Amino acid sequence: MVEACRRGERKAQYEIYRLYSKSMFNVAVRILNHVGEAEDVLQEAFLDAFIKIHEFRQTSTFGAWLKQIVINRALNQLRQRKVAFQDIDGVPDDFEDEQFDDEEIEWEVTKVQRAMHQLPDGFRTVLSLYLFEGYDHEEIAEILQVAESTSRTQYIRAKKRLLEILKKA
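Remember, predicted model here, so these are calculated numbers, not experimental data.

Draft legend 1. Focus on the environment of tyrosine 155. Within the secondary structure layout, tyrosine 155 lies in helix H8 (residues 148-168). Excluding its chain neighbours within four sequence positions, the residues that come into contact with tyrosine 155 are Val126, Leu127, Tyr130, Leu131 and His137.

Given below as structure tokens:
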């Protein structure tokens, strides 16, 4: 199908869009927390992918390559909102001493989704990239252009805030 897209075949492009659009939309909406912006990012990402399909070297799956385009587009959209990922090296992490019993929290999907929507953009982005997209902190730091310790600290704080929101729900 990728070869057909390289030849500019619209039917192949539509099929790729049909296969990947829902999962890529979910990636964008988890990062952006805004359906309209996620839809725009999705469309722009597919346009980029089809325009740059000759650059796809098949060193990974097409889906992984496309996901990276979607994530980069979504992060660019966040940057346009002026979301700041601040380096916080040297800030004491006294909150790490506090323990949460994850088993006490009811992990219903709708509650978690609602709680995720309440997180600040920076927290939600790091949490989504780590938990849902499977990136490690080194990769997240590279994607967001922050220190690895910033990614870890944002993740810890996001997880803590998410747990607090879920306890109140």
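Draft legend 2. Seen up close, the packing of aromatic side chains. Across all of its chains, the model carries 7 aromatic pairs by this definition. Between the aromatic rings of phenylalanine 46 and phenylalanine 50, the centroid separation amounts to 5.9 Å while the plane-to-plane angle is 40 degrees, which identifies the pairing as tilted. Separated by 4 residues within a single helix, phenylalanine 46 and phenylalanine 50 lie in helix H3 (residues 35-51), roughly one turn from each other. A single burial state applies to phenylalanine 46 and to phenylalanine 50, both of which are buried. Seen from their ring centres, phenylalanine 62 and tryptophan 65 are 5.6 Å apart, and the 45 degrees between their planes marks the pair as tilted. Here the residue phenylalanine 62 and the residue tryptophan 65 both occupy positions in helix H4 (residues 62-80), the gap between them amounting to 3 residues, near one helical turn.

Draft legend 3. Structural view of the pattern of salt bridges. For the structure on display, the rule yields 10 salt bridges. The salt bridge partner of lysine 160 is glutamate 164, with a shortest N-O separation of 3.7 Å. Taken together, the residues lysine 160 and glutamate 164, both in helix H8 and 4 residues apart, mark about one turn of the helix. Its relative accessible area of 29% is what places glutamate 164 among the partly exposed residues.

Draft legend 4. Representation of the packing of helix H2 (residues 10-32) against H4. With their axes 9 Å apart at the nearest point, H2 and H4 run at an angle of 35 degrees to one another. For the crossing formed where H2 meets H4, the hand is right-handed. Of the residues in H4, those in contact with Ile16, Tyr20, Met24, Val27, Ala28, Ile31 and Leu32 of H2 are Phe62, Gly63, Leu66, Lys67, Val70, Ile71, Ala74, Leu75, Gln77 and Leu78. Residues belonging to the contact of H2 with H4 are distributed by class as follows: 14 nonpolar, 2 polar and 1 charged.

Scoring rules and cut-offs
- Starting afresh in each chain, residues are numbered from 1 along the sequence in its written order.
- Where local features are concerned, this predicted model is filtered to residues with pLDDT of at least 70; where side-chain atom pairs are given and counted, the filter is 80 or more; whole-chain, interface and lining totals use all residues.
- Side-chain metrics in this entry use all non-hydrogen atoms of the structure; hydrogen atoms and water are not considered.
- Only DSSP runs of H or I covering at least 4 residues are called helices, and only runs of E covering at least 2 are called strands; the numbering of each starts at the N terminus.
- Residues count as neighbours in contact if any of their non-hydrogen atoms are within 4.5 Å of one another.
- Only rings of Phe, Tyr and Trp enter the pairing, Trp through its six-membered ring, and a pair is recorded when the two centres are within 6.5 Å. The plane angle decides the type: under 30 degrees is stacked, over 60 is edge-to-face, the rest tilted.
- Residue exposure (1.4 Å probe, protein chains only): buried if accessible area is under 20% of the type maximum, exposed if over 50%, otherwise partly exposed.
- By definition, a salt bridge exists where a carboxyl oxygen of Asp or Glu is found within 4 Å of a side-chain nitrogen of Lys or Arg.
- Between the N-to-C directions of two axes lies an angle of 0 to 180 degrees, each axis being a line fitted to C-alpha atoms and, for a helix, fitted only over the stretch in contact.
- In this scheme the handedness of a crossing depends on how the near helix is turned from the far one: anticlockwise by less than a right angle means left-handed, clockwise means right-handed.
- Three classes are used, and their members are as follows: Ala, Val, Leu, Ile, Met, Phe, Trp, Tyr, Cys and Pro are nonpolar, Asp, Glu, Lys and Arg are charged, and the others, Gly among them, are polar.

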